[in-house]
Amino acid sequence: MSDRRFEPLGGSVVYDGSFISLSVERFRYPDGDEVERAIVRHPGAVGVVCHDGDQLYLVRQPREAVDDPDSLELPAGKLEEGEDVMETARRELAEEIGKAAERWQPMTSDYSSVGVMDEEVHVVLATGLSDAHAEAEENERIEVVRWPLSDLDGALAATKDAKTIIGLLLLRDRLAPGA
C-alpha cells in the first residue's frame, strides 16, 4: 500500500535506556480519529542459524522477562550502532558459541511484535563453521547446545523463542528432500 493510512502527530520519549526506549506517540487516521500508542523502540537484532552438517548450534540462557531460566535459542544479539546485519551476525556467532563461518546467507527478517515495538529481527544462515574467539559480553550466562541436525523437530518442540522457531522452520524447509 502506498497511501499512508495514518499521520504521525509526534510524541515524547518517556524512557531512554541502553537497550530500548519507550515513547508515547499520537496518530491521526483519515477519518479524523486520533489515537495514542506506547511504542518500544529497539535497534534491531540478528539471529544466526548455524550448523556443521551434523550438529545445529543453539544456546541456552536465562530470560527473566518470561521467567525462563534456560531458554533455548539461536545465537543472537542486537544490532550495535554503525553495524550492519552481517557484522552483527559474525560478532554474535563468535561471542556466543566461539565459531566463525565461511558461508553466510540471509534467510528472512520479521518484526517481533508489531503491536508494541519496532524491533526488526534478521535471521541469517551460517555454514562452513570453524573455531573463533571473541569476548562475551559481561554478565551473559550462555550455555552452548549442540543439537543433532537430524532432530530439527525436537529443537522446534523445545523452544518458544520466535526467531528460533522461524529460523529452524526455514532451515527444515531448505534441508527437505527436493528443496
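The rules behind each value
- Residues numbered from 1 in each chain as written.
- Predicted model: local features only at pLDDT ≥ 70, side-chain atom pairs only at ≥ 80, totals over all residues.
- Heavy atoms only, no water.
- Helix = DSSP H or I, 4+ residues; strand = E, 2+ residues; numbered from the N terminus.
- Buried < 20%, exposed > 50% of the residue type's maximum accessible area, 1.4 Å probe, protein only.
- Contact = heavy atoms within 4.5 Å.
- Pairing = 2+ DSSP bridges.
- Axes fitted to C-alpha atoms, helices over the stretch in contact; angles between N-to-C directions.
- Expected span 1.5 Å × (residues − 1).
- Arc of directions from axis to C-beta.
- Core = buried A, V, L, I, M, F, W, Y, C linked by side-chain atoms within 4.5 Å.

### A short note on the environment of valine 13
Link 1 in the chain: In this structure, valine 13 sits in strand 1 (residues 7-16).
Link 2 in the chain: Residue class for valine 13 comes out exposed when judged on its relative accessible area of 55%.
Link 3 in the chain: On a C-alpha basis, the gap between valine 13 and alanine 38 in space is 9.6 Å, while along the polypeptide they are 25 residues apart.
Link 4 in the chain: Non-local contacts of valine 13, meaning those with residues more than four positions away in its chain, are made with Ser21, Leu22 and Ser23.

### Some thoughts on the sheet that holds strand 3 (residues 34-41)
Link 1 in the chain: On the basis of which strands lie adjacent, the open sheet formed by three strands has the order 1-2-3 and antiparallel pairing. Two strands close off the open sheet at either side, each with one partner strand: strand 1 and strand 3. Neighbour-to-neighbour, the strand axes of this sheet turn through a mean angle of 20°, independent of strand direction.
Link 2 in the chain: Across eight bridges, the pairing between strand 1 and strand 2 (residues 21-28) is antiparallel. Its bridge partner being in strand 2, glutamate 7 is matched across the sheet by arginine 28.

### Focus on helix 3 (residues 162-175)
One turn of the α-helix equals 3.6 residues, which is why residues spaced by three or four share an orientation.
Link 1 in the chain: If you check helix 3, its first and last C-alpha atoms are 20 Å apart, about what 14 residues at 1.5 Å a residue would give, namely 20 Å.
Link 2 in the chain: Within the span of helix 3, buried status applies to Lys163, Thr164, Gly167, Leu168 and Leu171. Angularly, the buried residues of helix 3 cover 120° about the axis, an arc narrow enough to put them on a single face.

### Looking at the nonpolar core
Link 1 in the chain: Ranked by size, the top nonpolar core spans 16 residues in total, and within it Val49, Leu56, Leu58, Trp147, Leu168 and Leu171 carry the most contacts.
Link 2 in the chain: Among the elements of the structure, strand 5 (55-63), strand 9 (120-131), strand 10 (143-148), helix 2 (152-157) and helix 3 are those that each provide at least two residues to this core.
Link 3 in the chain: Tallying contributions element by element places helix 2 first for this core, with three residues.
Link 4 in the chain: If we ignore the near neighbours within four places in the chain, the residues touching leucine 171 are Val49, His51, Leu56, Met107, Leu125, Leu149 and Leu152.

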